[in-house]
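Next come the chains, spelled out residue by residue.
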Amino acid sequence: MKLHITVVAGDGIGPEVTAEALRILRTVAEHGGHAFTYQDALIGGAAIDAAGTPLPQETLDAALGSDAVFLGAVGSNKFNALPPGERPEAGLLAIRAALGGFANLRPAFAHPALAQNSPLRPEVIAGADILFVRELLGGLYFGRPREWNRETHEAWNTMRYTRGEIERVARVAFELAGKRRGKLTSVDKANVLEVSQLWRATVNELAKEYPAVAVEHEFVDACAMHLMNTPRRFDVILTENLFGDILSDEAGVIAGSLGVLPSATIGGKVNLYEPVHGSAPDIAGHGIANPIGAILTAAMLLRHSAGLEAEAQAVETAVRSALDSGARTKDLARGDDAQVLSTSEMGDRIHQALTAELQKQPQTV
Ligand code: NAD
C-alpha cells in the first residue's frame, strides 16, 4: 500500500522521539513491501525561527496534500514572551483545526511491567485497557455566544452540539468498540444538561445499528471516580470535548508516565497522529526522552491510516516485549532497574523486538 506522510517533528524532544517512530514505520514498510513516503515540514518554534510563523503555508499545504500527518511536539520557552496567537502552540492549534479531525482517540492502558510506576495500586490498574473517543470540534470550547464582559463582570460560554456532530463521533466509537471488547460507555451529565440529554438520545438511537456492542451511560462525575477505582470495567469511553479533555488526562495516570501515551485525531480531511506529551524543554537535547508514546502513535497510524492492523499489533507487542525485558528510559526507571536507556537505545530494543514479531508474519515481498 502507498502512504504519503507529512512529518512535523516540531520542538524540544519532538524530533528525538519522531526519529524513533519513523524508524519503526520504515521497518514495517520494508517488511510488507509498502511504499511509505515522508515529507518533513516545519511547525512551532522551529517554524518561527525559520519562517517567522508557527504554521507556514508550505507546512499546511504539505499536510493537506498527504495521507497522514505525524507530529512530534510543539513548544519552546524561547517564545514565552510572544502573545498566544504567535507562540509555537498556535501552530499546533491551527494545524488541528485545518485538518478538521473530530474524533480524538486516546488509549489509556496499564502495562504489567510498569505497574509500580502508576500512583494507583497495581491490583487496581492490572488489565486496564481503555480507549477514549473524545469529540474534538464542538461543545464549550467552540460554542457561541462566548464572552467575558469586563463591565458587568460576567462571562459565559455555550455548550452546543447538533445531532449530526454527536452521531459522527459516536459512530467512530461504536465501530472501534466492535473491533475491541464490544463495550461502549457514553459519558455525559444528562441529569443536569440538555446537551447531554440529546447526546444520550443520539447514542441510544445509533446503538440499534450496533447490536454487538453493549452500551452503558455514565455521568461524568461517576466516571471520574470509576476510572480510578475500577478502570478495568471500561473498554471504549465516548464523550464530548470538555469531559474528554479532563477524563483522558486523568486516565493517563494508569499508564505511569506521560512519555508512553499515544493519540490520533481522525475523521477530518487528514488524520493527525501525535504523542500526548509536549516538547519537554527540561530534558530536550539530552537524548533521554521516552520514545514509546511516539512509537505507539506510529502504531495508531498503521491501524487508522494504513489499515495495517497486524503490523500495528506487532509494534504494540514489540513495545511490551521491550518493557518486559526490563528496558527503561529515565522517566520509567525506579532505581531498582538495571538498564536505563537513552532514547535511541530504547528505540533499538523496540526495533529488535519488532523485527522478531514481523518475522512471524507472512512477508509480502
Ligand atoms: P510536557 O509534556 O512537555 O512535559 C511534562 C513533563 O513530562 C516534563 O517533566 C517532561 O520532561 C516529561 N516528559 C514529557 N514527555 C516525556 C517523554 N517522552 N519522556 C520523558 N519525559 C517526558 O509538558 P509541559 O512541560 O507542560 O510543556 C512543555 C511545552 O510543551 C510547552 O511549551 C507546552 O505548551 C508544550 N506542549 C505541547 C504539546 C504538544 O505538542 N502536543 C502538548 C503539551 C504541551
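Values in this document were obtained by computation on a predicted structure and should not be read as measured data.

Peer 1: Help me understand the environment of A201 in this model?
Peer 2: By secondary structure assignment, the location of A201 is in helix α7 (residues 194–207). In this structure the C-alpha to C-alpha distance between A201 and L261, which are 60 residues apart in sequence, comes to 32 Å.

Peer 1: Could you clarify how one ought to interpret the pattern of salt bridges in this entry?
Peer 2: When the charged atoms of two side chains lie near each other, side chains of opposite charge can form a pair. Under the defined criterion, the tally for this structure stands at 23 salt bridges. E274 is the salt-bridge partner of R96, the closest N and O atoms lying 3.1 Å from each other. Taken together, the residues R96 in helix α4 (residues 88–99) and E274 in the loop between β12 (271–273) and α10 (292–304) connect sequence positions 178 residues apart. Owing to a relative accessible area of 31%, R96 belongs among the partly exposed residues under this scheme. One salt bridge connects R180 with D235, and the closest N-O pair in it is separated by 2.8 Å. Taken together, the residues R180 in the loop between α6 (163–179) and β8 (183–188) and D235 in the loop between α8 (220–229) and β10 (236–239) connect sequence positions 55 residues apart. By relative accessible area, which is 1% here, D235 ends up buried.

Peer 1: What is the right way to read the packing of α8 against helix α9 (residues 241–251) from this model?
Peer 2: To characterise two packed helices, one gives the angle between the axes of the helices and the distance between these axes. In the contact formed by α8 and α9, the axes pass within 10 Å of each other and the chain directions differ by 10 degrees. Put simply, α8 runs roughly parallel to α9. The chirality of how α8 crosses α9 is right-handed. Along its contact with α8, which presents V220, C223, A224, L227 and M228, the element α9 presents F243, L247, E250 and A251.

Peer 1: Is there a simple way to think about unusual backbone geometry in this case?
Peer 2: Leaving glycine aside, a negative phi is the common case for residues, and trans is the common case for peptide bonds. Note the cis peptide between R144 and P145, where omega equals 5 degrees. When you line up the elements, P145 lands in the loop between β5 (129–135) and β6 (147–149). One non-glycine residue, A280, lies in the positive phi region at around 45 degrees. Tracing the chain through its elements places A280 in the loop between β12 and α10.

Peer 1: Help me understand the side chain of S305 in this model?
Peer 2: Within the secondary structure, S305 sits in the loop between α10 and α11 (309–324). We classify S305 as buried; its relative accessible area is 17%. Within the structure, S305 has its side chain in polar contact with the side chain of N271 (distance 3.3 Å). The contact partners of S305, leaving out residues within four places of it in the chain, are M1, L3, D67, A68, N271, Y273 and M300.

Peer 1: Please clarify how the sheet that holds strand β9 (residues 214–219) should be interpreted in this entry.
Peer 2: What holds strands together in a sheet is hydrogen bonding between their backbones, with the strands either parallel or antiparallel. Strand order across the open sheet formed by 10 strands is β2-β1-β3-β12-β11-β4-β5-β10-β8-β9, with mixed pairing between neighbours. With partners counted over all chains shown, the strands left at the sheet margins are β2 (35–40) and β9, one partner each. With strand direction ignored, the average angle separating the axes of adjacent strands in the sheet is 25 degrees. Note that strand β3 (residues 68–73) and β12 share three bridges and pair parallel. From the neighbouring strand, F70 faces β12, where its bridge partner is Y273.

About the cut-offs
Residues numbered from 1 in each chain as written. Predicted model: local features only at pLDDT ≥ 70, side-chain atom pairs only at ≥ 80, totals over all residues. Heavy atoms only, no water. Helix = DSSP H or I, 4+ residues; strand = E, 2+ residues; numbered from the N terminus. Salt bridge = Lys/Arg side-chain N within 4 Å of Asp/Glu carboxyl O. Buried < 20%, exposed > 50% of the residue type's maximum accessible area, 1.4 Å probe, protein only. Axes fitted to C-alpha atoms, helices over the stretch in contact; angles between N-to-C directions. Parallel < 35°, antiparallel > 145°, perpendicular 65-115°, else oblique. Left-handed = near helix turned anticlockwise from the far one by under 90°. Contact = heavy atoms within 4.5 Å. Polar contact = N/O pair within 3.5 Å; in protein donor to acceptor, adjacent residues only side chain to side chain. Pairing = 2+ DSSP bridges.

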